[in-house]
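For reference, the chains in residue letters:
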Amino acid sequence: MGLEGKTVVFGVTGSIAVYKAADLASQLTQAGAKVEVIMTEAATEFITPLTFRNITGRPVVTKMFELNSEFSVEHVALAEAADVVVIAPATANTIARLAAGIADDMLCCTVLATKAPIVIAPAMHAAMYENQITQDNLAKLQARGFTIVGPAYGRLASGGTGLGRLVDVGEILGTICQVLGRSGDLVGKKIVVTAGGTQEPVDPVRCLTNRSSGKMGYALAEAARDRGAQVVLVSAPSALPKPVCVDVVNVGTAQEMYEAVKKAVDKADALIMAAAVADYRTKKVAESKIKRQQVASLTLELERTPDILGEVKGKFLRIGFAAESENMVANAKEKLQRKQLDLIVANDITAKGSGIGADTNQVVIIDRKGKVEELPLLPKRQVADRILDRVVELLDKASKRFEIILKPSYINSHFIHIPVAERGLFPEFKRSLTLLTDIGEIETTAGLCKSGTHRALELRKGLGKWYEAHPELKSGDGVIFEVVEPLKKYRLRKA
Ligand SMILES: Cc1cc2nc3c(=O)[nH]c(=O)nc-3n(C[C@H](O)[C@H](O)[C@H](O)COP(=O)(O)O)c2cc1C
């Protein structure tokens, strides 16, 4: 998970759902995050600071004017230390105070002062949630860039059912990872992953399938999300929970997976086929259940299913998996050549702790040049990240050129506005970078620009002189950015 080494400032407010916050604090801590808990006074009526202190191993802040607190001297210290601020559960009261910019306790001060992304998970009685005042407050926070997760529909502690339950801890965790991933190395990229084992029907109740659990594909989808990618997961049946902040397309058969992948790869940067797709399906599916008494022996005639990797082609990278039980490297190399893949990930399914159904995997990654990278036995999430490291490397090489067509609003003597959808080439905002131009080097910074609903990355400072040197540039012209040294230096020129 992308939480290792991150500082999560965790606000806990006075909701009955607060007991779930202890679980969230525990899971964040186990995932390697440093969790700094701030409790409102009301929250301490429901649960003691001691609980969080023990779970996180860190002091818990409950008061702004507490002499012994590590953080009280500098009341914005946590705001600055945070990689992300999370409030779960978030009461109607705290949401209202945040929307109004009130700063009369440590949690609100921290939120007001932080530049880190903020995630809030509301929890309250349905009538409080549906009240237009709460809705307006949430809309205001959302417009200011807060990420709101939930609430969920279900049984409420205050009685009855309705919309107001704190969402599952897994959903909050996934959202935090996705928000932290906004500065990852796959920002602006679309990655399509397939997972699970397809099921080919024999009759209305039986099917031909395999033992794939979907764990490798789901780990890849979550890892890509945590590195900032937009992820589409085309999933054959799997018992795993649906990953959060990932578009999941559920399919059953190889044919359905083929159709779904063809659609999903539109504008994709990479397709990673981790699914165990049936090679054969029954030629004829029985319309009604085949009865044991009616047939003494049964022969099924099988035909080939579509070869998804072989047939779905485009400008995106294509990464395949090869589950082998013998001659692993040679067979995988042959598959890579035959299907013209960019990478193939091969594993020996007979090895202990590796492959289908296991939580760990031992793989080799082979590229087009025949380079073989052998990985040790690792948890599937770590294998996923090692595969994505190679994908990032290949994408970096492929996307070194970037053209922006100037629109009237982009041209400004100080800025180049880059629509959010196209900013993948650039480092996350607030990074300085050097533009190598025909009039010399220009030092600039990439910053997030927000005006109304328009969000864009803009290159700030230093561009005025470049525009002045090019009075011929007008709306509709293109400028090209070319990466000279990834994520640091760019060449800027007219198209
Ligand atoms: C038993 C009980 C349960 C409560 N549960 C919630 C709740 O789930 N959500 C909510 O917004 N307020 C709830 N409240 C009301 C808040 O605790 C109250 O508005 C408080 O002032 C919130 O303070 P805080 O936002 O500073 O934590 C509850 C109150 C009580 C007595």
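Higher on the page you've got the structure.
Now for a look at the structure at hand.

1. Focus: the overall build of the chain
Now for step 1: Assigned secondary structure in the chain consists of 15 helices and 28 strands.
Now for step 2: For the chain, the residues scored as buried account for 41% of the 495 residues in total.

2. With respect to unusual backbone geometry
Now for step 1: Put simply, A88 and P89 share a cis peptide bond, and its omega is -5°.
Now for step 2: The phi dihedral of N327 is positive, around 40°, even though this residue is not glycine.
Now for step 3: With respect to the helices and strands, the residue N327 is situated in the loop between β16 (317–324) and α13 (328–338).
Now for step 4: According to the C-beta neighbour criterion, N327 is exposed, with 11 such atoms within 10 Å.
Now for step 5: One non-glycine residue with positive phi stands out, namely Q340, at about 50°.
Now for step 6: Along the chain, Q340 turns up in the loop between α13 and β17 (343–348).

3. Some remarks on the nonpolar core
Now for step 1: Ranked by internal contacts, the top residues of the largest apolar core, which has 64 residues, are V193 and L220.
Now for step 2: The leading source of residues in this core is helix α10 (residues 215–226), at 7 residues.
Now for step 3: Ignoring sequence-local partners within four residues, the contact set of V193 consists of G217, L220, A221, A224, V231, L233, I272 and A274.
Now for step 4: Of all hydrophobic cores here, the second largest spans 57 residues; its members include A25, I87, A90 and M106.

4. Points about helix α8 (residues 132–143)
Now for step 1: With 12 residues, α8 extends 16 Å from end C-alpha to end C-alpha; this agrees with the ideal 16 Å at 1.5 Å per step.
Now for step 2: Of the residues trailing α8, G145 is marked for its positive phi of about 100°.

Criteria and thresholds
Residues numbered from 1 in each chain as written. Predicted model: local features only at pLDDT ≥ 70, side-chain atom pairs only at ≥ 80, totals over all residues. Helix = DSSP H or I, 4+ residues; strand = E, 2+ residues; numbered from the N terminus. Buried ≥ 20, exposed ≤ 12 C-beta atoms within 10 Å, placed from the backbone. Core = buried A, V, L, I, M, F, W, Y, C linked by C-beta atoms within 7 Å. Contact = placed C-beta atoms within 7 Å. Expected span 1.5 Å × (residues − 1).

Honestly, that's just the spatial picture; any functional story needs more than this.
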